[in-house]
Amino acid sequence: MYRIGQGYDVHRISEGLPMWLCGIRVPSTTGFVAHSDGDVAIHALCDALLGAAALGDIGQIFPDTSDEFAGIDSKILLDRVMALLRFNGWELLNADITIALQSPKIASLVPDMRESLAAVIGADVSCISVKATTTERLGFVGRGEGCEAWAVAMLRKK
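The text that follows walks through the structure, step by step, so that each part is easy to find. Computed from a predicted structure; not experimentally measured. (Residues numbered from 1 in each chain as written. Predicted model: local features only at pLDDT ≥ 70, side-chain atom pairs only at ≥ 80, totals over all residues. Heavy atoms only, no water.)

## Re the packing of aromatic side chains
Considering all chains together, one arrives at two aromatic pairs under this definition. When the ring of Tyr 8 is compared with that of Trp 150, the centres are 5.7 Å apart and the planes differ by 50°; the resulting orientation is tilted. Of this pair, Tyr 8 sits in strand 1 (residues 2-15) while Trp 150 is found in strand 7 (residues 146-157), placing the two residues 142 residues apart along the sequence. Classification of Trp 150 as partly exposed rests on a relative accessible area of 35%. Look at Phe 62 and Phe 69: their rings are 5.3 Å apart centre to centre, the planes differ by 80°, and that puts the pair in the edge-to-face class. On the accessibility criterion, Phe 62 (10% relative accessible area) is buried. (Phe/Tyr/Trp six-rings, centres within 6.5 Å; stacked < 30°, edge-to-face > 60°. Helix = DSSP H or I, 4+ residues; strand = E, 2+ residues; numbered from the N terminus. Buried < 20%, exposed > 50% of the residue type's maximum accessible area, 1.4 Å probe, protein only.)

Structure, rendered in structure tokens:
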């Protein structure tokens with residue numbers, strides 16, 4: 001049995017906060033306003049994985065009202081999602097993530113992002129795709145107010 005899931009996340013950008021994407025610290029004077037570390041790419045990926053397995057969503061599993069998840073490293077959340085998938089008999093075949101961010105430019109970080117995600121997931125890096133884009137200065141992303149990420153994941157029942 002095969003399943004496909006999709007995920008989406010968005011966070012506001014503010015000065016003086018760290019910016020984390022795919023588990024990598026992005027050199028920037030701005031970062032994401034969030035309950036956790038705000039890693040929109042990992043959050044979208046978690047939702048894609050959970051959705052494919054019909055196991056809920058990131059907000060249900062890791063509520064932003066819980067002190068346990070305040071400031072948490074999103075790689076920990078992804079690791080827990082992967083453990084939940086394995087417990088339920090699922091394995092990841094591939095994941096594809098698109099990050100929309102006007103600034104800073106992150107394309108040069110994509111290889112490190114792929115390696116970071118593959119290490120947490122326990123998959124070959126060839127199974128993980130990360131793409132970076134801008135919105136050509138359109139909308140809230142284009143104005144530098146926020147960042148969006150979309151993810152698609154394909155799972156197979158073991």
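## With respect to helix 3 (residues 74-87)
Its 14 residues place the ends of helix 3 20 Å apart at the C-alpha level, agreeing with the 20 Å of an ideal helix rising 1.5 Å per residue. Taken together, the buried positions of helix 3 are occupied by Ser 74, Leu 77, Leu 78, Val 81, Met 82 and Leu 85. Down the axis of helix 3, the buried side of the element spans an arc of 135°, and every buried residue falls inside it. The elements touched by buried residues of helix 3 are helix 1 (40-52), helix 2 (58-61), strand 5 (90-100), helix 4 (110-121) and strand 7. If you check the start of helix 3, you find a side-chain oxygen 2.8 Å away from the backbone N of Lys 75, and it comes from Asp 73. A positive phi of about 85° marks Gly 89, the residue just after helix 3. (Expected span 1.5 Å × (residues − 1). Arc of directions from axis to C-beta. Contact = heavy atoms within 4.5 Å. Polar contact = N/O pair within 3.5 Å; in protein donor to acceptor, adjacent residues only side chain to side chain.)

## Here we look at helix 4
For an α-helix, 3.6 residues make a turn, and residues three or four places apart therefore share a direction. A rise of 1.5 Å per residue sets the reference length of helix 4, with its twelve residues, at 16 Å; its end C-alpha atoms lie 16 Å apart and thus fit the reference within 8%. All buried positions along helix 4 are accounted for by Val 110, Met 113, Ser 116, Leu 117, Ala 118, Val 120 and Ile 121. Its buried side turned inward, helix 4 meets strand 2 (19-21), strand 3 (24-26), helix 1, helix 3, strand 5 and strand 6 (128-133).

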